[in-house]
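Each chain, written out:
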Amino acid sequence: MIATAFSNFAAACTNGAHSGFLGFPTWYEYLKQTTDPNSGLCTPQLGSLSDIWLIVAAVIEILLRLAAVIAVIFVIYGGFTYITSQAETEATAKAKNMIVNALVGLTIAVMAAAIVSFVAKSIK
């Protein structure tokens, strides 16, 4: 029953490699996958209730990676603001603050994504 429900999400097997958009993990990244011998497509398998936590971990990792991308965008925007501040002390200070805060956010997001990935792989 559950296997047929996931047949709509069948794709090529990833074997733990990130194959989603821009290297983002898929929502079923940490689930066991079985290959259909006829079509060669993989179907994620829910074996127990603890597998739901693996889905939650994958979704959290996707959100953390998205936060890292947004932080990089803020670093670029802060750099642009710094360059165009024309030596105005208030604008320069605001731009520096934005860059520092974005770099701190980027560091936290990358470290948190690594921790979530490590924990999910150890549970798997």
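Note: the structure precedes this text.
## Notes on the overall build of the protein
Here comes step 1: Each helix and strand counted, the protein has three helices and two strands in total.
Here comes step 2: Reading the protein from its N terminus to its C terminus gives the helix and strand order α-β-β-α-α.
Here comes step 3: Buried residues in the protein amount to 27% of all 124 residues.
Here comes step 4: Taking the contacts inside the protein whose residues are at least 6 apart along the sequence as the reference set, 59% of them involve residues at least 24 apart.
Here comes step 5: Put simply, the protein shows about 8,200 Å² of open surface, and 71% of that area lies on carbon and sulfur atoms.

## Topic: unusual backbone geometry
The general pattern is negative phi for most residues beyond glycine and trans for most peptide bonds.
Here comes step 1: Here the phi dihedral of Q86 falls at roughly 55°; this positive angle occurs in a residue that is not glycine.
Here comes step 2: Note that Q86 resides in the loop between α2 (51–83) and α3 (89–123).
Here comes step 3: Within the chain, A87 stands out as a residue other than glycine whose phi angle is a positive 60°.
Here comes step 4: Along the chain, the position of A87 falls in the loop between α2 and α3.

## Re the packing of α2 against α3
Here comes step 1: Running from N to C, α2 and α3 point in directions that differ by 160°, and their axes come no closer than 8 Å. Taken together, α2 and α3 sit at an angle that is classed as roughly antiparallel. In the crossing of α2 with α3, the sense of the turn from one axis to the other is left-handed.
Here comes step 2: Looking at the contact of α2 with α3 residue by residue, the classes come out as 25 nonpolar, six polar and two charged.

Reading the values: the criteria
- Residues numbered from 1 in each chain as written.
- Predicted model: local features only at pLDDT ≥ 70, side-chain atom pairs only at ≥ 80, totals over all residues.
- Heavy atoms only, no water.
- Helix = DSSP H or I, 4+ residues; strand = E, 2+ residues; numbered from the N terminus.
- Buried < 20%, exposed > 50% of the residue type's maximum accessible area, 1.4 Å probe, protein only.
- Contact = heavy atoms within 4.5 Å.
- Areas by Shrake-Rupley, 256 points an atom, 1.4 Å probe, with all protein chains shown as cover.
- Axes fitted to C-alpha atoms, helices over the stretch in contact; angles between N-to-C directions.
- Parallel < 35°, antiparallel > 145°, perpendicular 65-115°, else oblique.
- Left-handed = near helix turned anticlockwise from the far one by under 90°.
- Nonpolar A, V, L, I, M, F, W, Y, C, P; charged D, E, K, R; others polar.

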